[in-house]
Amino acid sequence: MKRSVLAASISLTISGLLITGVGSPAAAADTARPHPPKADKNQAVQDARDSIAAHPAAVRASSDDTFESASVLVDKDGTRHVHMTREYRGLPVLGGDVIVHSAPSGAFRESTLTLKDSLSLPVTPKVSAEHAEALAQKKFQGKRAGTTSKLVVNALSGTPRLAWQVTVDGMAPDQSPSHFNVLVDALTGQVGQTWNAFHTAEGTGHGYQVGDVPLTTTAISGGYQLKDATRGNGETRDAQNLTATNDSPPAGWGKAFTDTDNVWGNGALSDRATVAADAHFGIQATWDYYKNVHGRSGIKNDGVGARSFVHYGNNYANAGWDDTSFSMIYGDGAPGDKPFTELDVAGHEMSHGVTSATANLNYFGDAGGLNEATSDIFGTLVEFNANSSADAPDYLIGEKISSTPLRYMDDPKKDGVSQSCWTTGTKNLDPHYSSGVGNHFFYLLAVGSGSSSWGNSPTCDGGTVTGIGNDAAGKIWYRALTTYMTSGTTYPEARTASIKAAIDLYGASSSQCAAVEKAWSGVAVVPTSTTCGGGTTPPSGSNLLSNPGFESGAVNWTASSGVITNETGATAHSGSYYAWLDGYGSAHTDTLSQSVTIPATAAAPKLSFFLAIDTKESGTTPYDTLKAQVVSGTSTTTLATYSNATPGGYAQRTLDLSAFKGKTVTIKFTGTEDSSLATGFLIDDTAVTTG
């Protein structure tokens, strides 16, 4: 007997798990099929909370865990992906974040996380905060501005431990702002992982100009200001060769660039506005790429633009993104050199902000390499999207800053320090060097292996990869980052994430998904349990079914009322129409059938179809079922039974029809739903083939 759904209060406790938030009472079943809840972010968060409460084991939750939403992605079909942070007994859990994936109906599908087991550890420190701060300060090199600490659970790797996360703010020896983080074991005082939350593009070379470019500015009294109201008021300011006293440029810091004729710079360094034009164009180009290609409105997807500070520091030979102040800084370079205002550098640095606002990848280990690679990938795609004649797009990073590029995506090891092939030791490298694996993967995916006009890319496994182009490769990487990666994602887990993204976007049997697998193997990242294959390749032989994808509506099929539909409450595997059996939340039976003659000469006849199961049920009891059947004369044979116990998105199912050679039979699907809690069975792209 199924348990009932109880109304939740301000704090909902299910199986001892506390979920903060407000629930709502269960509604009675409608007489017509209910549409999924409106696909807004609030509903997505509530769905995620309900899923955690119902499936605590799936997120390694204990009664001491609480969760808060960090970011929300709702697909066009209503599928929800909610990234949630975790606290254990009131303490933040580093590496404990989880992405909850819900169906358009709000039903739980799966989770993405790096935590291996539920937490169980003491939370009383033996080491004082003052002692931990003193230990961390000894690790910091530079001019210190302030030190703060907080008690956390360190679940980033190995056995979770109670730790002090100490942040030492200040200025690094090269004048870079620094948010130096140190983890100190709160029981033993052992100093562990360190990282800097300020991200820079490595290099001490020469800057360049973006040439003659259009700039969007704001009219003010007496002239214009370098502020773009069409892109979230993104602004470029003059740092006046100063450094921010508190290591993060605050609002209003520096000097606004103003002008009377709306012409900025003269193409030479004699005019301070020349590099301001470069930086402002970088803001525009990065905003436009994310907006036009991925539908993302600004770095945090909140419509707010970033700030850029040029002429930062005295002979500062670097550029960087500071997430705390939501700003870019550009130095003028060492004496005799040029400023760091290259377009792919701007895209790279601001993409650190996108990563921070989505997967929040750590800046060490494999995740650190993925963090840097993500910025290199999107910095490159910003450059291609802008397609500036003054900076021809390529797969080199910072090639105009120095006499040699900072990084090579076709074969990263050419810089002498980066890795082109993944190993178990990659995680121990500086993120700028471990990023080579991700850069190489992306080049193989977009361009392919071997020689081309862009470079010469070998593979680590000796295989051949055919590129799928920047557009598809970029969309796969963006979805993997925003939908399936968490703070501690490793390179093998990134392989899983990008395969899932490719399946979501292009299908499990697509050439794009196959290319993802080959590209990862090409950089020596080993396969995981998630693959594009697993029977998703259509059987050989012509399709004996008519109107197999339902695009002609109910033509050639016999079905219950409303089964063959293009309803927007769910989605087709391909095209617009699909078959939707059940999903009412009340006792109901739907059928779908078509007659077909299977030749006696058929070598290996098969029935295949794509099936998605969307359910409000929980647990492993099969309350609602779908049977794939063959009716031959007066005999009905059930080939397979599917149920609410195994929900999931579209996957291809293939069944043997050898027993029916030489017969005219009816292929039939029967969906049976019990009296409460809806389960919908979605069928599309059917086929009967001879083999």
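Conventions and cut-offs
- Residues numbered from 1 in each chain as written.
- Predicted model: local features only at pLDDT ≥ 70, side-chain atom pairs only at ≥ 80, totals over all residues.
- Heavy atoms only, no water.
- Phe/Tyr/Trp six-rings, centres within 6.5 Å; stacked < 30°, edge-to-face > 60°.
- Helix = DSSP H or I, 4+ residues; strand = E, 2+ residues; numbered from the N terminus.
- Buried < 20%, exposed > 50% of the residue type's maximum accessible area, 1.4 Å probe, protein only.
- pLDDT = per-residue confidence, 0-100.
- Contact = heavy atoms within 4.5 Å.
- Pairing = 2+ DSSP bridges.
- Salt bridge = Lys/Arg side-chain N within 4 Å of Asp/Glu carboxyl O.

J.: Looking at this structure, how should I read the packing of aromatic side chains?
T.: Each aromatic ring pair is characterised by the separation of its centres together with the angle its planes make. Evaluated as defined, the whole model comprises 23 aromatic pairs. Look at Trp253 and Phe309: their rings are 5.3 Å apart centre to centre, the planes differ by 65°, and that puts the pair in the edge-to-face class. Remark: Phe309 occurs in strand E19 (residues 307–312) and Trp253 occurs in the loop between strand E16 (234–238) and strand E17 (255–256); sequence separation between them is 56 residues. Just as Trp253 is buried, Phe309 falls in that class too. Look at Phe609 and Phe669: their rings are 5.0 Å apart centre to centre, the planes differ by 75°, and that puts the pair in the edge-to-face class. Residue Phe609 is located in strand E30 (residues 606–615), and its partner Phe669 is located in strand E34 (residues 664–673); the two are separated by 60 residues in the primary sequence.

J.: Just to check I follow, could you spell out the confidence of the model for the protein for this structure?
T.: Do not read the fine detail of predicted coordinates wherever pLDDT is low. In the predicted model, the protein carries a mean pLDDT of 87, and the fraction of residues at 70 or more is 91%. Contacts for the low-pLDDT stretch residues 1–38, under 50 throughout, to residues beyond four places or in other chains number 76 contacts. Across residues 201–208, confidence stays below pLDDT 50; counting only partners more than four residues off in sequence or on other chains, it has 40 contacts.

J.: What am I meant to see in the pairing of strand E28 (residues 578–582) here?
T.: The side chains of a regular strand alternate, residue by residue, between the two faces of the sheet. Of all the five residues making up E28, five are buried; the element is thus mostly covered by neighbouring parts of the structure. Relative to strand E35 (residues 679–689), E28 runs antiparallel, the two being bridged by four bridges. Within E35, the position partnered with Leu581 by the bridge is Phe681.

J.: Honestly, the sheet that holds strand E31 (residues 625–632) in this entry has me stumped. Any pointers?
T.: Note on sheets: strands pair through backbone hydrogen bonds, and any given pair is parallel or antiparallel. Within the open sheet, the five strands sit side by side as E26-E29-E34-E31-E32. Their pairing is antiparallel. Among the strands making up the open sheet, the edge pair consists of strand E26 (558–559) and strand E32 (635–643). In this structure, strand E29 (residues 588–597) lies alongside E34, joined through 10 bridges in antiparallel fashion. Across the sheet, residue Thr589 finds its bridge partner in E34, namely Thr672.

J.: Explanation requested: the pattern of salt bridges in the structure shown.
T.: For side chains of opposite charge, pairing can occur when their charged atoms come near one another. With the rule as written, the count across this model stands at 17 salt bridges. Of the charged contacts, one joins Arg272 and Asp238 as a salt bridge, the two residues approaching to 2.9 Å between their closest N and O atoms. A residue pair is termed long-range when its members are at least 10 positions apart, and Arg272 in the loop between strand E18 (258–259) and helix H3 (273–294) and Asp238 in strand E16 qualify at 34 residues. By relative accessible area, which is 34% here, Arg272 ends up partly exposed. Across the pair Lys413 and Asp411 runs a salt bridge, and its minimum N-O distance is 2.9 Å. According to the relative accessible area criterion, Lys413 is partly exposed, its value standing at 45%. When salt bridges that share partners are traced, they join Asp75, Arg479 and Asp504 into one network.

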